[in-house]
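Chain by chain, the residues run as shown.
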Amino acid sequence: MLRFIVRRLVEMVPVLFIVITATFFMMKVAPGGPLDNEKATTKEIRERLEEYYGLNKPILQQYVKFLKGLSRGELGPSFKYQGWNVDELIADAFPVSLELACYALAFALTAGLLAGIIASLKPNSLRDYIPMAIATFGICLPTFVTGPLLILCFGILLGWYNSSGWFFASDRVLPAITLGFYYVAHIARLARGGMLEVLGQDFIRTARAKGASEGRVVLKHALRGGLLSVVSFLGPAITGLVTGSLVVETIFQIPGLGRFFVKAGLNRDYTMLMGTVLFYAFLIMVMNLIVDIIQVWLNPRLRFD
Amino acid sequence: MPQPPVNPSSAALESEMEGDHSLWRDAWRRLQKNNLAVLGLIFLSVLGLASLLAPWIAPNSYEAQNLALGATGPSFNHWLGTDALGRDLLSRILYGGRVSIAAGLCATAVSLTIGVLYGTISGFVGGRLDVVMMRLVDILYSLPFPIFVILLMVFTKDLGDAVENRLAEWLGVRMDIGKSWSLILLFLAIGAVEWLTMARIVRGQVMSLKKQEFVEAARALGLRRRRIIVRHMIPNVFGIVVVYATLIVPSVMLLEAFLSFLGFGVQPPMSSWGTLINDGASKMEEHWWLLVFPGIAFAATLFSLNFVGDGLRDAVDVRASKD
């Protein structure tokens, strides 16, 4: 197990390095920068600004300086939010996104697992068809359709929730549902498939023959094997939650990292854009590693891979 | 369960005589029994045709404004209403469909090319190279590609603008290449990130094909690797590739709409379903139709594509079917 983790960590290094290098040089090649938008800059101001952003040095030196900063967790000053460093902005905004993602994932797991397991207990009955029909529906609907529709329905027509903002506990409901809906659908499908496969195996029949109650059979014996595919889906799900948060935070005007990222893109805030991409790449790779570890822990057969 | 033919004796005879049990004919027969897939196919054909013919059949141009009219709800003159600038929503949805179809086709073609080549090489050569190539796919799977695409779109749009300005300085005339450039780039970028699953599937197919006799024979005849790959491998994985390509199309369209929704894709005044939904979402309090109709059009298209894709997969690749 330890070897597995170490190998994966070692593998991560070159990938991250390539991502860092590629984004850095892309940013250097891209025209426009912090100085283009300053109207009527005098020569002195220009030079001061260039010094502040370290643009007056040769490009390799800038690159080395950037790498050094990265090793200390610094991402340099933002082009647009003056006086702020990108890492400070991320540190401010990320907790909001994390909170949203946790609610969404919790919603997706509870609703998805429940629907999937219920459907698998009586396949090809109404209890199977109805949740699965909703799941098919959910897989096809993108967040930028469900989000506004939910606002239209529950925010504007019924007036149950605020249509945007991130102030009260009730403001968490619609964004979490919007972000989680797709995963409810996916998890329900995977859980149903996995459970059906396990419930058909011999050891389940044995457990039943020995007189174990249905609840015990499902929860104690079938669940662990049946949910393996759900766990392996968590890796891609985390990537999806990140990209989904861009949309959801934009729709609901939530001050999270996703919205900052979109704004940085629209405002051409290169340092912010790049810093966030690096942060996301790192985050997702680490999360994937954690998911893989959970998977190996749940399914020891994978250890011999 | 085999479908009873209309006239059992003659049909059976015919099919036996002509060897008429081709993969595609069987698949088509199975597909026809899948109601959802057929319904999806019909919907897609109608919408696709209407979008393709939009310049001739759409009631208005996508950018024809009528400021005096402003935003009006569905009416006889404008079936789906108009937006704040008085532009006909139906026309804009149809023109947006053109962008989506173009995205679907171009990006899918790109991802097919990359995926098939990559998968074939990896599966055919095998050994160490295969291990490395597939590990690379695993790693790429774990990267947040939509985010990279946004980064790429921002940079290249600026780069394109700069090139255009430079050209305008030299030539004294402004050539409006920026828009088409960013559109082409959008399709390329989307295609370049959607090939991973295809590569895996093709690799699996090639691995199993490789062990078959006709490939052995081709080798024994002294054919070179490249010829075996091009003439024997790729044609044989074609069926499965086509099927999975239909499943790439909706994900490609989704990515295009996602980018356009956020403002990184198709730029105004052009319409795409992503920008229309974005526009509708910002105005839904007063003008619900601006959100609801593009949303329905997009969702229905995604449904249909998924149903057709799933149906086709179940029909062609019987082993992969879920039940």
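So, how was this worked out
Residues numbered from 1 in each chain as written. Chains lettered and ligands numbered in written order. Predicted model: local features only at pLDDT ≥ 70, side-chain atom pairs only at ≥ 80, totals over all residues. Helix = DSSP H or I, 4+ residues; strand = E, 2+ residues; numbered from the N terminus. Buried ≥ 20, exposed ≤ 12 C-beta atoms within 10 Å, placed from the backbone. Contact = placed C-beta atoms within 7 Å. Expected span 1.5 Å × (residues − 1). Axes fitted to C-alpha atoms, helices over the stretch in contact; angles between N-to-C directions. Parallel < 35°, antiparallel > 145°, perpendicular 65-115°, else oblique. Core = buried A, V, L, I, M, F, W, Y, C linked by C-beta atoms within 7 Å. Nonpolar A, V, L, I, M, F, W, Y, C, P; charged D, E, K, R; others polar. pLDDT = per-residue confidence, 0-100.

I'd like to hear about the overall build of chain A, residue by residue, with values.
Helix and strand content of chain A: 12 helices and zero strands. Along the chain direction, N to C, the helices and strands of chain A fall in the order α-α-α-α-α-α-α-α-α-α-α-α. Principal-axis analysis of the C-alpha atoms gives chain A an extent of 85 × 55 × 25 Å. Looking at chain A as a whole, 37% of its 305 residues are labelled buried.

Please set out the overall build of chain B residue by residue, giving values where relevant.
Assigned secondary structure in chain B consists of 13 helices and zero strands. Shown N-terminal to C-terminal, the secondary structure of chain B runs as helices and strands in the order α-α-α-α-α-α-α-α-α-α-α-α-α. In chain B, buried positions account for 41% of the 323 residues. For chain B, long-range pairs separated by at least 24 residues make up 69% of all intrachain contacts whose partners lie at least 6 apart in sequence.

Which residues make up helix H13 (residues 289–316) of chain B, and what are the values?
For H13 of chain B, built from 28 residues, the straight-helix expectation of 40 Å at 1.5 Å per residue is met to within 8% by its first-to-last C-alpha distance of 40 Å. By the criterion of burial, H13 of chain B is predominantly enclosed, with 24 of the 28 residues buried.

Give a detailed account of the packing of helix H10 (residues 228–252) of chain A against helix H12 (residues 270–298) of chain A, specifying residues and quantitative values.
All names here are of chain A. Between H10 and H12, whose axes approach to 9 Å, the crossing angle comes to 175°. Taken together, the axes of H10 and H12 lie roughly antiparallel to each other. Seen from H10, the contacting residues are Leu228, Val231, Ser232, Leu234, Gly235, Ile238, Thr239 and Val242; seen from H12, they are Tyr280, Ile284, Met287, Asn288, Val291, Ile294, Gln295 and Leu298.

Report on unusual backbone geometry, specifying residues and quantitative values.
Residues and elements named next belong to chain A. Its identity as a non-glycine residue notwithstanding, glutamine 253 has a phi of 55°, on the positive side. Tracing the chain through its elements places glutamine 253 in the loop between H10 and helix H11 (257–267). Note on glutamine 253: 13 C-beta atoms within 10 Å, which makes it partly exposed.

A description of the nonpolar core should follow, citing residues and the corresponding values.
Counting residues in each nonpolar core, the largest one holds 147 residues, and the members touching the most others are Ile187 and Ala191 of chain A together with Ile190, Met198, Phe258, Leu259 and Ile277 of chain B. If sequence neighbours within four positions are ignored, isoleucine 277 of chain B has contacts with Phe144 and Val145 of chain A together with Phe261, Leu291, Pro294, Gly295 and Phe298 of chain B.

Can you explain the interface of chain A and chain B? Please cite residues and give values.
With 34 residues of chain A at the interface, the matching set in chain B holds 34 residues. At the level of elements, helix H1 (2–29), helix H6 (143–157), H10, H11 and H12 of chain A are the ones that each hand at least two residues to the side of chain A that touches chain B. With eight residues, H10 of chain A is the single largest residue contributor to the side of chain A that touches chain B. Classifying every residue of the side of chain A that touches chain B gives 25 nonpolar, eight polar and one charged.

Outline the packing of helix H3 (residues 35–52) of chain B against helix H5 (residues 89–125) of chain B, supporting the account with residue identities and numerical values.
All names here are of chain B. Packing of H3 against H5 brings their axes to within 8 Å, and their N-to-C directions diverge by 105°. What the angle tells us is that H3 and H5 run roughly perpendicular. Note on element contacts: H5 touches H3 through Leu94, Gly97, Arg98 and Ile101, opposite Leu47, Gly48, Ala50, Ser51 and Leu52. Partitioned by chemical class, the residues of the contact of H3 with H5 number five nonpolar, three polar and one charged.

I'd like a rundown of the confidence of the model for chain B, residues and numbers included.
Chain-level statistics for chain B give a pLDDT mean of 77 and a share of 83% at 70 or above. This model gives residues 1–19 of chain B a pLDDT under 50, and the stretch forms seven contacts once residues within four places in sequence are excluded.

Can you break down the confidence of the model for chain A residue by residue, with the values?
With 94% of its residues at a pLDDT of 70 or more, chain A shows a mean pLDDT of 81. Helix H2 (residues 43–53) of chain A is the least confidently modelled element of chain A, averaging 72 in pLDDT, while helix H4 (residues 86–121) of chain A averages 88, the highest of any element.

A description of the environment of leucine 105 of chain A should follow, citing residues and the corresponding values.
All names here are of chain A. Among the structural elements, leucine 105 can be located in helix H4. Exposure remark for leucine 105: the 20 C-beta atoms within 10 Å place this residue in the buried category. In this structure leucine 105 touches Gly180 and Leu241, once residues within four positions along its chain are discounted.

Hey, could you go over the environment of glutamate 256 of chain B for me, with residue numbers and the actual values?
Take glutamate 256 of chain B: it is sitting in helix H11 (residues 225–262). With 26 C-beta atoms packed within 10 Å, glutamate 256 of chain B lands in the buried category.

Describe the environment of valine 308 of chain B, and please don't skip the residues or the numbers.
Within the element layout of this structure, valine 308 of chain B appears in helix H13. Setting aside residues no more than four positions away along its own chain, valine 308 of chain B makes contact with Ala37, Gly40, Leu41, Leu44 and Thr246 of chain B.

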